[in-house]
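Below, each chain spelled out in residue letters.
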Amino acid sequence: MGYVTDRSLADAGTAGVDPAKLETLLRRVRLAVEDGPLPSAQVAVAKDGRLIAFETVGDADPGTRYILQSVGRSVVAGAAWKLLGEGLLRLDERIAEIIPEFAPNGKETVTVEHVLTHTAGFPFAPLGYPKMCDRRERLAAFGRWRLDHPPGTRFQFHLTSAAWLIAELVERRTGLPFARYLDERIVRPLGLSSIELGVPVERQAESVAPMIATDRRSEEDEVDPWGPWYLSNPEVLAAGEPSHALVGTAADVALFFQAMEHSDLWPAGAVAEGRRMRFAERPAGDGLYGGSDKRTGMGLFVTVAGPDAGSNLPATGSAALYGNSGAAYQLAFMDPESGLSFAWLCNGYPLSGYDQTSWGTALLAGVADLAADLC
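Residues numbered from 1 in each chain as written. Predicted model: local features only at pLDDT ≥ 70, side-chain atom pairs only at ≥ 80, totals over all residues. Heavy atoms only, no water.

A. Layout of the overall build of the protein. Across its full length, the protein carries twelve helices and twelve strands. Its C-alpha atoms give the protein a radius of gyration of 19 Å, near enough to 21 Å, the size a compact globule of 375 residues would have. The proportion of buried residues among the 375 residues of the protein is 56%. Of the accessible surface of the protein, which amounts to about 14600 Å², a share of 49% is contributed by carbon and sulfur atoms. Counting 34 positive and 48 negative side-chain charges, the protein places the centres of these two groups 6 Å from one another. (Helix = DSSP H or I, 4+ residues; strand = E, 2+ residues; numbered from the N terminus. Rg over C-alpha atoms; globule rule 2.2 N^0.38 Å. Buried < 20%, exposed > 50% of the residue type's maximum accessible area, 1.4 Å probe, protein only. Areas by Shrake-Rupley, 256 points an atom, 1.4 Å probe, with all protein chains shown as cover. Lys, Arg positive; Asp, Glu negative; His and termini not counted. Charge placed at Lys NZ, Arg CZ, Asp CG, Glu CD.)

Right under this line is the structure:
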């Protein structure tokens, strides 16, 4: 393959990363744990194929894996880009032509590109536990889904439905269940062993950081059972919902971005096409579910900084910077112009699952901007 994952730390200065800026970034992450509400965090910086920094703070160790939440969409995107680059999938193909079970209720015109850009028209199509564990039940659910608006007419994040369809597309075109495809065709060849979808219940306690409430004041305070806290149930996490249930270390997430840019696992041009911005629009919906009054650049299942550095991506990188943020304080991105990738993972969550307070917004924006400004 010509690409070997190297977890040894390269010298920051030699790699073109400002050591003083790197220390400022690391101090900010430490502060959020040591003098803030976060129970633990991991941060990793990589550049030009090499790991520059990897640090774990708080009640965790370097081998601890975190639930990636929406950060995992970048890994899902990588799988879709690989199929597109290999000619196993086309953007203009209609989903119903590949997955006939999906067609009912007027969904015949939904295309692969609609799904990958969150414009398919069914942002809240339901598929929950335990039905999502059974492929027959998933296919039946696809058929019941109905359009909220015509495909291609509205940009609104499809929180789980899009990734379930991507997973089924991968299985139809490769013959492998999505989790197995990720493991056998991407994760293992790249040596990124911590990244996993569908971690069995019996293995979660030994390596996956538990979700911890950051604002619980008494034992009577209960978490919102939906949203991010849905994955605090070990059986739900094991079921492997592809848009949020991936786990991994910050080091392997940062190196995954490097591999997409530098390895030949993806055909020539596939990654550049995947991260190319298709449009920049304001995503519809409530802020808790990705809605915003700020334009978000959209590639194929990744957000792109674009003209407004939307969706919690840093404002200090290039317009080509791409990645995804995740609940509640997580972020991973790649800036192809600087060659820098970054991952910040955490296991702290407000009881609501999301943090839209001024403190939470400032924390995410501050860390993001420090990270993108390292070169």
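B. Region of interest: the nonpolar core. Formed by 127 residues in total, the largest nonpolar core has its most connected members in Leu 22, Phe 102, Trp 266, Phe 342 and Trp 344. At nine residues, the largest contribution of residues to this core is made by helix 10 (residues 250–262). Each residue touching Phe 102, except ones within four places of it in the same chain, is listed here: Ile 95, Ala 96, Lys 107, Val 110, Phe 122, Phe 142, Gly 143, Trp 145 and Leu 165. Judged by nonpolar contacts, the second largest core, of five residues, contains Phe 157, Leu 159, Phe 279 and Met 298. (Core = buried A, V, L, I, M, F, W, Y, C linked by side-chain atoms within 4.5 Å. Contact = heavy atoms within 4.5 Å.)

C. Fine view of the sheet that holds strand 1 (residues 40–47). One open sheet holds the eight strands; their spatial order is 2-1-11-10-9-8-7-6, and the pairing between them is antiparallel. Looking at which strands have only one partner, the edges of the open sheet turn out to be strand 2 (50–58) and strand 6 (279–281). Taken together, the five bridges between strand 9 (residues 322–326) and strand 10 (residues 330–335) define a ladder with antiparallel strand orientation. Opposite Gly 323, over in strand 10, you have Phe 333 as the bridge partner. Set on the sheet, helix 1 (residues 19–34) makes contact with strand 1, strand 2 and strand 11 (340–346); between it and strand 2 the angle comes to about 20°. Across the sheet, helix 10 is in contact with strand 1, strand 2, strand 9, strand 10 and strand 11; its angle to strand 11 comes to roughly 150°. (Pairing = 2+ DSSP bridges. Axes fitted to C-alpha atoms, helices over the stretch in contact; angles between N-to-C directions.)

D. View of the packing of aromatic side chains. Taken as a whole and judged by the stated rule, the model has 13 aromatic pairs. Ring centres 6.4 Å apart and planes at 75° place the aromatic pair Phe 256 and Phe 257 in the edge-to-face group. Both residues of the pair, Phe 256 and Phe 257, belong to the buried class. Among the aromatic residues, ring-to-ring pairing joins Trp 81, Phe 256, Phe 257, Trp 266 and Tyr 322 into one connected group. Across the ring face of Phe 102, the terminal group of Lys 107 is positioned such that the distance to the ring centre comes to 5.0 Å. (Phe/Tyr/Trp six-rings, centres within 6.5 Å; stacked < 30°, edge-to-face > 60°. Lys NZ or Arg CZ within 6 Å of the ring centre and 35° of its normal.)

E. Just the packing of helix 5 (residues 135–144) against helix 6 (residues 161–174), in detail. Between helix 5 and helix 6, the shortest axis-to-axis distance is 12 Å and the interhelical angle comes to 120°. On the basis of the axis angle, helix 5 is oblique to helix 6. Crossing handedness for the pair helix 5 and helix 6: left-handed. Facing Arg 135, Arg 138, Leu 139 and Phe 142 of helix 5, the residues of helix 6 in contact are Trp 164, Leu 165, Glu 168, Glu 171 and Arg 172. When the residues that make up the contact of helix 5 with helix 6 are grouped by side-chain class, the tally is four nonpolar, no polar and five charged. (Parallel < 35°, antiparallel > 145°, perpendicular 65-115°, else oblique. Left-handed = near helix turned anticlockwise from the far one by under 90°. Nonpolar A, V, L, I, M, F, W, Y, C, P; charged D, E, K, R; others polar.)

F. Representation of the pairing of strand 1 within the structure. In terms of burial, strand 1 is largely enclosed, as eight of its eight residues are buried. Direction of pairing for strand 1 relative to strand 2: antiparallel, over a ladder of eight bridges. Each bridged residue has a counterpart across the sheet, and for Gln 42 the counterpart in strand 2 is Thr 56. The loop that links strand 1 with its antiparallel partner strand 2 comprises two residues; one of these, Asp 48, has a positive phi angle of about 50°.

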